[in-house]
Amino acid sequence: MIHEVDEALRTLLRRDALNGSDVEVVFDAPTKEWAGRRNTPTLDVYLYDIREDLKRRHVGMVDQRDETGTVVGRRPPPRQFKLSYLITAWTNRPEDEHRLLSSALACFMRYDFLPEDVLSGSLADVGVPVSTYVALPPPEDRQISDVWSALGGELKPSVDLVVVAPVDTARVLPFGPPVLEQPRITVTRDDGATETKTSRRHRGAVLEPPAPAPEEEVVSGTEEQPGRVFRMRGTIKR
């Protein structure tokens, strides 16, 4: 997944920020030794932190269907991981570096998600948008100056980019085979006889309710005072 995010960022920067110029896009650690060997204009996109976005973790299962729409398995939803990149520009003049950083910043400000046409592999197959956040304040437990200290280099203007990418867990739980026969229900009548009924519908069908019992008229009263006629359902035991 990480290499697919790298390739998507490289494609997007070359297309929307560099406009076909000869500036290289690399993912090297900007150490002193690396900076000393650099001899061409370069935009460095250094990945310095990987952690799961726990706020985006979901529980439950997602149905997996075949080409006919039949459920063949269930799998947990993708996990979301935050990839933090440090974008720096390297040229012989600070003004040129600032122009490159400005172009990179403007490029990522156009998108809340990585465009679908730059995604490939599992990023394109999972079907979940890949979010981007640019130039946000770093979390309290991480400072950009600490990153430069760990690299052993001098503090340099940079743009912080966070990409939230989905990762498929590849865990699939088996699912029961589809129903191939109509459901059958056995009904026992009051006289002890049994009768088997088959639903007229296929999967998920509900049997039609039984027909209502015939009505009988019941007369209350006497011959002198007939009273009223009541209608009752079912069989009346004499």
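Owing to the predicted nature of the structure, the values given are computational and were not obtained by experimental measurement.

Student: Would you explain the nonpolar core in this entry?
Tutor: Here is a general trend for soluble globular proteins: nonpolar side chains tend to be buried in one another's company. Within the largest apolar cluster, 30 residues are counted, with the highest numbers of intra-cluster contacts made by Leu9, Leu13, Leu43, Ile87 and Leu114. Residue assignment for this core shows that the elements contributing at least two residues are α1 (2–16), β2 (42–52), β5 (79–90), α3 (94–109) and β7 (159–167). Sequence-distant contacts of leucine 114, that is, excluding residues within four places in its chain, are made with Ala8, Leu9, Leu12, Leu119, Val130, Thr132 and Val163. Membership of the second largest hydrophobic core comes to 10 residues, among which are Tyr46, Tyr48, Trp90 and Ile144.

Student: For this particular structure, what's the right way to read the confidence of the model for the protein chain?
Tutor: Detailed reading of the predicted coordinates is not advisable wherever pLDDT is low. For the protein chain, per-residue confidence averages 78 on the pLDDT scale, and 72% of positions sit at 70 or higher. Segment residues 234–238 is flagged for pLDDT under 50; beyond a separation of four residues in sequence, or across chains, it makes 7 contacts in the model.

Student: Please explain the layout of surface pockets as it appears in this structure.
Tutor: Its volume calculated, the largest pocket comes out at about 360 Å³. Forming the boundary of the largest pocket are 18 residues, of which Lys82, Leu136, Pro139, Arg142 and Val162 lie nearest the centre.

Student: Sorry, what's going on with the sheet that holds β2 here?
Tutor: What holds strands together in a sheet is hydrogen bonding between their backbones, with the strands either parallel or antiparallel. What the 5 strands build is an open sheet, ordered β1-β2-β5-β7-β6; its pairing is mixed. Looking at the sheet topology across the chains shown, the edges are occupied by β1 (24–26) and β6 (131–134). Adjacent strand axes in the sheet meet at a mean angle of 25°, parallel and antiparallel pairs treated alike. Here β1 pairs with β2 via 3 bridges, running parallel. Across the sheet, the residue bridging to valine 26 is aspartate 44, located in β2. This element, α1, spans β1, β2, β5 and β7 of the sheet and lies at about 45° to β5. Sitting on the sheet, α3 is in contact with β2, β5, β6 and β7, with an inclination near 155° to β5.

Scoring rules and cut-offs
- Numbering of residues begins from 1 in every chain and follows the order in which that chain's sequence is written.
- Predicted model: local features are reported for residues with pLDDT of at least 70 only, side-chain atom pairs are reported and counted for 80 or more only, and whole-chain, interface and lining totals are derived from all residues.
- The basis for every side-chain value is the complete set of heavy atoms in the structure, and neither hydrogens nor water enter the calculation.
- We define a nonpolar core as any set of buried Ala, Val, Leu, Ile, Met, Phe, Trp, Tyr and Cys residues linked to one another through side-chain atoms lying within 4.5 Å.
- Partly exposed describes any residue whose relative accessible area lies between the buried limit of under 20% and the exposed limit of over 50%, with all areas from a 1.4 Å probe on protein chains only and scaled to the type maximum.
- Only DSSP runs of H or I reaching four residues or more are called helices, and only runs of E reaching two or more are called strands; each is numbered from the N terminus.
- In this analysis, two residues are considered to be in contact whenever any of their non-hydrogen atoms come within 4.5 Å of each other.
- Note: pLDDT gives the predictor's confidence per residue, expressed from 0 to 100.
- Whether a set of points on the 1 Å grid over the protein atoms alone is a cavity depends on a 1.4 Å probe fitting there but being unable to get out, while an open set qualifies as a pocket with protein on both sides within 12 Å along at least five of seven lines; lining residues are those with an atom within 4 Å of a point.
- Grid points are joined across faces, edges and corners, and a volume is the space filled by probe spheres set on the points.
- Here the rule is simple: two strands pair whenever DSSP picks up at least two bridges between them.
- For helices, the axis comes from a line fit to the C-alpha atoms of the stretch in contact; other axes are also lines fit to C-alpha atoms, and the angle between any two N-to-C directions lies between 0 and 180 degrees.

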